[in-house]
Amino acid sequence: MKTASELTLLQRDSAHLIHPLHAPAVHVSGKVWISGEGAYLSDADGNQFIDGLSGLWNNTAGNGRTELADAAAKQMRTMAFASGYIGSTNPRAIELAERLAELTYSNINYFYLTSGGGEATDSNIKLARYYWKVKGKPNKTKVISRIWGYHGVTLAAMSATGIEAYWPMFEPRIPGFTHIPSPDPYRYEAVPGSKSQGIAAAEELEKRILEEGADTVAMFLAEPIQGAGGVIVPQDDYFPRIREICDQYEVLMVADEVITGFGRTGRMFGLEHWNVQPDLIQFAKAITSGYFPLGGIGVSDEIATVMNESGSPWMHAYTYSAHPVGCAVALAMLDLIEKEDFLGQAENKGRRLLIKLKEALENHPNVGDIRGIGMMCAVEIVKDRSTKLPFDAKENIGAKINQEAIKRGLFSRVRGDVYLIAPPIVTTESTIDDIVDILAAAIQEVLR
Ligand SMILES: Cc1ncc(COP(=O)(O)O)c(C=O)c1O
């Protein structure tokens, strides 16, 4: 039951606010968040919930970090804003680019900053097209990405996003965007005789490049671990083969590290798990732990040299690129990641989370798959384990489990019948155990 205060706030909200994924019927039972501490959020009724998705995968440091708040306040007092357009810069942006050059893949040493992930996707698409034009290959404009990939919802990012539900209201999508299957180890079916499931899934890219014509393809965009699409961890041989294919057909390999960047998987960046270097990266979310909207792209030395020597300006710009406050918060966050060993914490706590999920749920007749890496995991619910048959979408099993989990104090999100778990890296071990207990009870309640 909600108190009058939360109900009143929700009514006022509905009168004037339009939300991301706006759906008034869902919002009636929404939460009004008032405060947060560590891995917990409190609503207007004074109830506490575990922040099971770190806000939206971003708040790895948890709420209440005075180091981040102080960095923002100090910079706002000194200089809140100055343009980052060419001819203008600021020390925090310079320091951040220097730090990023040290932290990212060794071939990536140049950075363009945005306000978030979708803008980073657009920036990479535009940069890839520009790069090929300068190289004398103006027809290389197409973008290949993957089903279940999520890259944001600007018109270009939505066209790259491979979750169909985002498309129909806004068709037509931008031409020249195409999707290959996800390597999903649980569901991808390799053609018989394939060397391995991972190689077969990677060779879907080669097949598509050949169908489209290599001279028309600019880039391949992929999250190292697909996040919003259901925490899909690829096979170990997948990305090394993707790299070879991109090299062979002169297609830029773009890693969307918006969720996997800055430690969540137990490495600073996701492709480090497979020793693969992309040509371009994009990041956002955990670079500021959500304390300030900031994202960006990282550019290889080769591409940056082509940009620098092209002789004409790159006609792409955001007012808030290189925002001094965002950069100050990011610098404080990078200090935290290092000082508190976020990488080690994510690796160890993530291992515990996955082991405990398996102990609690592995034998449940409707749990098809339990997967994850570092502090990002998912539990996929199916009607029939032996055939992997999903429940009819109309049964809303995932949404019902989510509601039961919320009743028990765990707030997260689902993708269909896949329950997503990505708590802050600072979550304590006992709270991790609570997450598992609550989810197990919620699944038990819905699927008795
Ligand atoms: C992998 C990935 N890329 C891009 C985005 C889009 O970021 P934003 O919502 O900041 O535009 C997201 C957001 O969840 C994401 O998970």
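See the structure shown above.
Described below are features of the structure shown in this document. Only a predicted model underlies this, so the values are computations on that prediction, with no experimental measurement involved.

1. Some points on the pairing of strand E10 (residues 295-300)
- Burial analysis of E10 places 6 of its 6 residues in the buried class, which makes it a mostly covered element.
- Relative to E10, strand E4 (residues 108-114) runs antiparallel, the two sharing 6 bridges. Across the sheet, residue Thr 114 finds its bridge partner in E10, namely Gly 295.

2. Regarding the environment of Ile 225
- As for its position among the elements, Ile 225 is in the loop between strand E7 (217-222) and helix H9 (238-248).
- Classification of Ile 225 by relative accessible area gives buried; the value is 0%.
- Sequence separation between Ile 225 and Asn 90 is 135 residues, and the spatial gap between their C-alpha atoms is 34 Å.
- The contacts of Ile 225, once residues within four sequence positions are left out, are Val 231, Ile 232, Val 233, Pro 234, Thr 260, Thr 265, Trp 274, Ile 373 and Met 376.

3. Points about the sheet that holds E4
- Spatially, E4-E10-E9-E8-E7-E5-E6 is the arrangement adopted by the 7 strands of the open sheet, whose pairing is mixed. At either end of the open sheet lies a strand with only one pairing partner, and these are E4 and strand E6 (177-180). Strand-to-strand twist in this sheet, taken as the mean axis angle between neighbours without regard to direction, amounts to 25°.
- In this sheet, E6 lies alongside strand E5 (residues 142-146) in parallel orientation, the contact comprising 4 bridges. The partner of Val 143 across the bridge, within E6, is Phe 177.
- Together, E4, E5, E6, E7, strand E8 (252-256), strand E9 (280-283) and E10 form the strand contacts of helix H6 (residues 117-134), whose direction differs from that of E9 by roughly 165°.

4. Regarding the site of the ligand
- Taken together, Gly 116, Gly 117, Gly 118, Tyr 150, His 151, Gly 152, Glu 223, Asp 256, Val 258, Ile 259 and Lys 285 make up the full set of residues near the ligand.
- For the ligand, an oxygen atom lies 2.8 Å from a polar atom in the backbone of Gly 117.
- Contacts to the ligand include Tyr 150, whose backbone N or O atom sits 3.3 Å from a nitrogen atom.
- Look at the ligand: alone it shows 390 Å² of surface, and the protein chains cover 78% of it.
- Across the shell around the ligand, the residue classes tally to 3 nonpolar, 5 polar and 3 charged.

5. Thoughts on the pattern of salt bridges
- With the rule as written, the count across this model stands at 26 salt bridges.
- One salt bridge in this structure joins Lys 137 and Glu 250, with 2.6 Å as the shortest N-O distance. Of this pair, Lys 137 sits in the loop between H6 and E5 while Glu 250 is found in the loop between H9 and E8, placing the two residues 113 residues apart along the sequence.
- Notably, a salt bridge pairs Glu 380 with Arg 371, separated by 2.9 Å at the nearest N-O pair.
- Taking relative accessible area as the criterion, Glu 380 reaches 6% and is therefore assigned buried.

6. Re the packing of helix H12 (residues 342-361) against helix H14 (residues 429-446)
- Relative orientation of the contacting elements H12 and H14 amounts to 30°, with a least axis distance of 10 Å. Put simply, H12 runs roughly parallel to H14. Relative to H14, H12 is oriented so that their crossing is right-handed. Taking contact as the criterion, the partners of Lys 349, Arg 352, Leu 353, Lys 356, Leu 357, Ala 360 and Leu 361 in H12 are, on H14, Glu 429, Ile 432, Asp 433, Val 436, Leu 439, Ala 440 and Ile 443.
- Class assignment of the residues belonging to the contact of H12 with H14 gives a composition of 9 nonpolar, no polar and 5 charged.

7. Digging into the packing of helix H13 (residues 397-407) against H14
- Their axes nearest at 8 Å, the elements H13 and H14 cross at an angle of 125°. In terms of their interaxial angle, H13 and H14 are classed as oblique. Where H13 crosses over H14, the handedness of that crossing is right-handed. Each of Ile 397, Lys 400, Ile 401, Glu 404 and Ala 405 in H13 lies in contact with H14, whose residues at this interface are Ile 438, Leu 439, Ala 442, Ile 443, Glu 445 and Val 446.
- For the contact of H13 with H14, the class distribution of residues is 8 nonpolar, no polar and 3 charged.

Thresholds, definitions, all that
Residues numbered from 1 in each chain as written. Predicted model: local features only at pLDDT ≥ 70, side-chain atom pairs only at ≥ 80, totals over all residues. Heavy atoms only, no water. Buried < 20%, exposed > 50% of the residue type's maximum accessible area, 1.4 Å probe, protein only. Helix = DSSP H or I, 4+ residues; strand = E, 2+ residues; numbered from the N terminus. Pairing = 2+ DSSP bridges. Contact = heavy atoms within 4.5 Å. Axes fitted to C-alpha atoms, helices over the stretch in contact; angles between N-to-C directions. Near = heavy atom within 4 Å. Polar contact = N/O pair within 3.5 Å; in protein donor to acceptor, adjacent residues only side chain to side chain. Areas by Shrake-Rupley, 256 points an atom, 1.4 Å probe, with all protein chains shown as cover. Nonpolar A, V, L, I, M, F, W, Y, C, P; charged D, E, K, R; others polar. Salt bridge = Lys/Arg side-chain N within 4 Å of Asp/Glu carboxyl O. Parallel < 35°, antiparallel > 145°, perpendicular 65-115°, else oblique. Left-handed = near helix turned anticlockwise from the far one by under 90°.

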